[in-house]
Amino acid sequence: MLRPVKRTAPSALRNREPIALALQQLFSPQHTHGALLEIASGTGQHAAHLAEHFGALSIQPTDADPANVHDIDAWTEPHRSRVKPAVVLDVHSHPWPLAHADVVLCINMIHIAPWSACEALIKGSAHILAPGGLLALYGPFTRDGEHTAPSNVTFDQWLKDKDPAYGVRAIEAVTALASAQGLSRVEPIEMPANNFVLGFYKR
Ligand SMILES: C[S@@+](CC[C@H](N)C(=O)[O-])C[C@H]1O[C@@H](n2cnc3c(N)ncnc32)[C@H](O)[C@@H]1O
């Protein structure tokens, strides 16, 4: 049976441009002209948008769910010369599809997965990032032990009701994990709707 047309995530339509602009702040020529591995690509809308935004970037989208490959490939098809077909990747698995990357990007995954996924993401990123390479995370985070908005308190409870291993992560805990793997964080970028972009550079 033919698959329906590609799915669209309304949240990705809203946040893809602010995320591209935040990445622009974090990118040097090493990143804009390098290889980006996207973890948890979802529908593929961010990969497609970043291909439009950064004309010299080579992008490998991935997701743990094989059901997402069709959508990712449909969204990225117009950019096929610079966006590779999607690969199924659970961050816990080895090896990752790129042995070397200049950017690892993960949008809205670590709160909706167990903490082990964040650990695996950071360890795997540190392993493949070139010196000066960037790990960029987008999502809701607590800061100094506090939620940054009442809506994030509600969202955190919703996540924990879904699975007690899920939840809004602490910037400090993610930073400590990254630092132990040789990744240094820069100042968090505040994003619309009480989210952050966290950038970590490989030392
Ligand atoms: C909330 S969606 C975000 C999708 C997309 N990044 C976005 O923002 O539109 C979370 C995604 O994380 C993926 N995911 C969950 N656990 C994962 C894991 N262990 N490794 C890789 N991807 C995972 C899911 O398959 C899903 O596509």
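Read on for an overview of the structure. Only a predicted model underlies this, so the values are computations on that prediction, with no experimental measurement involved.

Comments concerning helix H7 (residues 171-180)
Okay, step 1: Regarding H7, the residues found buried are Ile 171, Val 174, Thr 175 and Ala 178. Mapping the buried residues of H7 onto a view down its axis gives an arc of 100°, with all of them on the same face.
Okay, step 2: On the buried face of H7, the contacting elements are helix H5 (115-128), strand S5 (129-139), strand S6 (141-142), strand S7 (169-170), strand S8 (183-185) and strand S10 (195-202).
Okay, step 3: Note on H7: the residue one or two positions beyond its end, Gly 182, has a positive phi of about 85°.

Considerations on the packing of helix H1 (residues 10-26) against helix H3 (residues 45-53)
Okay, step 1: The contact between H1 and H3 brings their axes to 10 Å, and the two run at 45°. Of the possible angle classes, the one that applies to H1 and H3 is oblique. Handedness of the crossing formed by H1 with H3: right-handed. Facing Ala 12, Leu 13, Asn 15, Arg 16, Glu 17, Ile 19, Ala 20, Leu 21, Leu 23 and Gln 24 of H1, the residues of H3 in contact are Gln 45, His 46, His 49, Leu 50 and His 53.
Okay, step 2: Here the contact of H1 with H3 is composed, by residue class, of seven nonpolar, six polar and two charged.

Each value, and the rule that gives it
Residues numbered from 1 in each chain as written. Predicted model: local features only at pLDDT ≥ 70, side-chain atom pairs only at ≥ 80, totals over all residues. Heavy atoms only, no water. Buried < 20%, exposed > 50% of the residue type's maximum accessible area, 1.4 Å probe, protein only. Helix = DSSP H or I, 4+ residues; strand = E, 2+ residues; numbered from the N terminus. Arc of directions from axis to C-beta. Contact = heavy atoms within 4.5 Å. Axes fitted to C-alpha atoms, helices over the stretch in contact; angles between N-to-C directions. Parallel < 35°, antiparallel > 145°, perpendicular 65-115°, else oblique. Left-handed = near helix turned anticlockwise from the far one by under 90°. Nonpolar A, V, L, I, M, F, W, Y, C, P; charged D, E, K, R; others polar.

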